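In case you want the letters, here they are:
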Amino acid sequence: MPVLPSQRALRARARGRVGGRRSKLTEDQAALTQRLYDEREKTVQQIADMFGVPRSTVYGHLDKTRTVPRQPKKTAVTKP
């Protein structure tokens with residue numbers, strides 16, 4: 001059985017209120033996060049430290065449709 005919004009919720013929406021928690025990063029910060037991640041300038045941990053948020057927040061703000069997962073850096077194998 002679907003849950004319908006209460007009259008209080010409908011009035012709040014009419015006043016422009018929306019539910020949910022506010023984002024830790026602003027839109028500008030999220031865009032900068034995406035750029036730094038895409039250009040591989042910083043690691044996710046470094047980006048998170050810049051904004052004082054956990055890594056999960058950084059991952060949550062990345063655009064999953066255009067973000068390419070990072071591959072580990074290839075290291076040269078030296079033979080003894």
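Residues numbered from 1 in each chain as written. Predicted model: local features only at pLDDT ≥ 70, side-chain atom pairs only at ≥ 80, totals over all residues. Heavy atoms only, no water.

Participant: Help me out: how do you make sense of the overall build of the chain in this one?
Facilitator: Along its length, the chain carries 4 helices and 0 strands. Ordered by position from N to C terminus, the α and β elements of the chain give α-α-α-α. Classification of the 80 residues of the chain by burial places 19% in the buried group. Accessible area for the chain stands at about 7400 Å²; split by element, carbon and sulfur atoms hold 53% of it. (Helix = DSSP H or I, 4+ residues; strand = E, 2+ residues; numbered from the N terminus. Buried < 20%, exposed > 50% of the residue type's maximum accessible area, 1.4 Å probe, protein only. Areas by Shrake-Rupley, 256 points an atom, 1.4 Å probe, with all protein chains shown as cover.)

Participant: Honestly, the pattern of salt bridges in this entry has me stumped. Any pointers?
Facilitator: Note on pairing: side chains with opposite charge can pair once their charged atoms come close. Taken as a whole and judged by the stated rule, the model has 2 salt bridges. Among the ionic pairs, Arg35 bridges to Glu39, the shortest N-O distance being 3.0 Å. The exposure class of Arg35 is partly exposed, given its relative accessible area of 38%. According to the relative accessible area criterion, Glu39 is partly exposed, its value standing at 42%. Two residues, Glu41 and Arg35, come together in a salt bridge whose shortest N-O distance is 3.5 Å. (Salt bridge = Lys/Arg side-chain N within 4 Å of Asp/Glu carboxyl O.)

Participant: Explain the confidence of the model for the chain here, please?
Facilitator: Detail in the predicted coordinates should be disregarded across regions flagged by low pLDDT. Mean pLDDT over the chain: 83, with 78% of residues reaching 70 or higher. For the chain, per-element mean pLDDT is lowest for helix α1 (residues 7-14), which scores 84, and highest for helix α3 (residues 44-51), which scores 94. (pLDDT = per-residue confidence, 0-100.)

Participant: What am I meant to see in the side chain of Thr33 here?
Facilitator: Here Thr33 is to be found in helix α2 (residues 27-38). Filtering out sequence-adjacent residues up to four positions away, Thr33 remains in contact with Leu25, Ile47, Phe51, Val58 and Leu62. (Contact = heavy atoms within 4.5 Å.)

Participant: Explain the nonpolar core to me, please; I cannot follow it from the model alone.
Facilitator: Ranked by size, the top nonpolar core spans 9 residues in total: Leu25, Leu36, Tyr37, Val44, Ile47, Ala48, Val53, Val58 and Leu62. Sorting the residues of this core by element identifies α2 and α3 as the ones contributing at least two each. In terms of residues, this core owes the most to one element, α3, which gives 3 residues. Once you skip the residues sitting within four places of it in the chain, Ile47 turns out to touch Thr33, Leu36, Tyr37, Lys42 and Val58. (Core = buried A, V, L, I, M, F, W, Y, C linked by side-chain atoms within 4.5 Å.)

Participant: Is there a simple way to explain unusual backbone geometry in this structure?
Facilitator: Backbone geometry follows two general trends: most residues other than glycine have a negative phi, and most peptide bonds adopt the trans configuration. Within the chain, Arg40 stands out as a residue other than glycine whose phi angle is a positive 55°. Along the polypeptide, Arg40 turns up in the loop between α2 and α3.

Participant: Explain the packing of α2 against α3 here, please?
Facilitator: Pairs of packed helices are described in terms of their axes, by the angle between the two and the distance that separates them. Packing of α2 against α3 brings their axes to within 10 Å, and their N-to-C directions diverge by 155°. By the criterion of interaxial angle, the relationship of α2 to α3 is roughly antiparallel. Regarding α2 and α3, the two cross each other, and that crossing is right-handed. Note on element contacts: α3 touches α2 through Val44, Ile47, Met50 and Phe51, opposite Gln29, Leu32, Thr33, Leu36 and Tyr37. A breakdown of the residues in the contact of α2 with α3 according to their chemical character gives 7 nonpolar, 2 polar and no charged. (Axes fitted to C-alpha atoms, helices over the stretch in contact; angles between N-to-C directions. Parallel < 35°, antiparallel > 145°, perpendicular 65-115°, else oblique. Left-handed = near helix turned anticlockwise from the far one by under 90°. Nonpolar A, V, L, I, M, F, W, Y, C, P; charged D, E, K, R; others polar.)

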